[in-house]
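Observations on the three-dimensional arrangement
One letter stands for each residue in the lines below.
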Amino acid sequence: MQRFQHVKQQWQTVKLGYRFMQIVKAPYGDFAEIGRLAQEIHDPKSLQKVVEFLSQTSQGQQALQERPRLGSVDLQKLHQLPAHTLGYIYADHMLKNSFSPPNSQQIADNPYTFLGAHLGETHDIWHIVTGFDTNKAGEIALQAFYIAQIYPSQFWIVMLCKNLLKTALEDLDLCSQHMDALVTGWLLGKQARPLFGIDWKTLWELPLTTIQSELNLQNKQFDRLASLSG
């Protein structure tokens, strides 16, 4: 039995290694490959630890119980809001980048599937409120922010390692910028109030600066990163 478990573990390691190399070779933003990696890393024990960690705050606990979804997003309607609001800035970000609104499909009614759905559909909102761009440095910063805010999961650590390896292989001249991004994202994630579980659709009409102030998402180090990556 022990030998079987050992062989099974080795096989899982081989599969994860293969999937990791596939995502390293894939272009930035290859969501199909990211999805395959997420499926390969799926580990119930790790997910349970994440859920337990997020449940330590009343916001996280309430979100995992009530499971609020972003729902259908009308970008054109949000784009009619005042230019300083979260809704307008989010819609403008999505439209300028030709991004589609998140899929609001039904999911299994449990905290684990909600965790993945919530983080997936709010990913670009986290970009907006943290101020991290969607370029390479911005994605590295946001991945470090995720790791700081959420119990360390294999997925986000692998994603961060993937981008650092791509830096070594493809973008060595950007090493300093990417390391600045990693440190900035990590420190801002530690400083900020928890973002997981916020029902963002109730905040569309609020000024972005008000939201950032409430979440403690403003600092000089971030302003420096923004100037580097802009």
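Refer to the preceding data block for the structure.
Residues numbered from 1 in each chain as written. Predicted model: local features only at pLDDT ≥ 70, side-chain atom pairs only at ≥ 80, totals over all residues. Heavy atoms only, no water.

1. Notes on the overall build of the protein chain
Helix and strand counts for the protein chain come out as 13 helices and zero strands. Starting at the N terminus and walking to the C terminus, you meet the elements of the protein chain as α-α-α-α-α-α-α-α-α-α-α-α-α. Residue pairs in contact within the protein chain that sit at least 24 positions apart in sequence constitute 69% of those at least 6 positions apart. For the protein chain, the accessible area works out to roughly 12700 Å², and carbon and sulfur atoms hold 55% of it. (Helix = DSSP H or I, 4+ residues; strand = E, 2+ residues; numbered from the N terminus. Contact = heavy atoms within 4.5 Å. Areas by Shrake-Rupley, 256 points an atom, 1.4 Å probe, with all protein chains shown as cover.)

2. Structural notes on empty space enclosed by the protein
Per the stated rule, a full pass over the model turns up one cavity of 30 Å³ or more. One number sums up the size of the largest cavity: a volume of about 40 Å³. Surrounding the largest cavity, Pro-68, Arg-69, Leu-70, His-118, Glu-121, Thr-122, Ile-198, Asp-199 and Trp-200 form its lining. Classifying every residue of the lining of the largest cavity by side-chain character gives four nonpolar, two polar and three charged. (1 Å grid on protein atoms, 1.4 Å probe; cavity = no way out; pocket = protein on both sides within 12 Å on 5 of 7 lines; lining within 4 Å. Points joined across faces, edges and corners; volume = space filled by probe spheres on them. Nonpolar A, V, L, I, M, F, W, Y, C, P; charged D, E, K, R; others polar.)

3. Points about the nonpolar core
Counting residues in hydrophobic clusters, the biggest one holds 51 residues, and the most contacted among them are Leu-86, Tyr-90, Trp-126, Val-129, Phe-145 and Trp-200. The residues touching Trp-126, leaving out its near neighbours within four places in the chain, are Leu-119, Gly-131, Leu-142, Phe-145, Tyr-146, Gln-149, Ile-150, Leu-195, Phe-196 and Trp-200. (Core = buried A, V, L, I, M, F, W, Y, C linked by side-chain atoms within 4.5 Å. Buried < 20%, exposed > 50% of the residue type's maximum accessible area, 1.4 Å probe, protein only.)

4. A few points about the environment of Leu-78
Examined against the element boundaries, Leu-78 turns out to sit in helix 5 (residues 75-78). The exposure class of Leu-78 is buried, given its relative accessible area of 10%. C-alpha separation for the pair Leu-78 and Ile-89, spaced 11 residues apart in sequence, amounts to 8.6 Å. Non-local contacts of Leu-78, meaning those with residues more than four positions away in its chain, are made with Val-73, Gly-87, Tyr-88, Tyr-90, Ala-91 and Trp-204.

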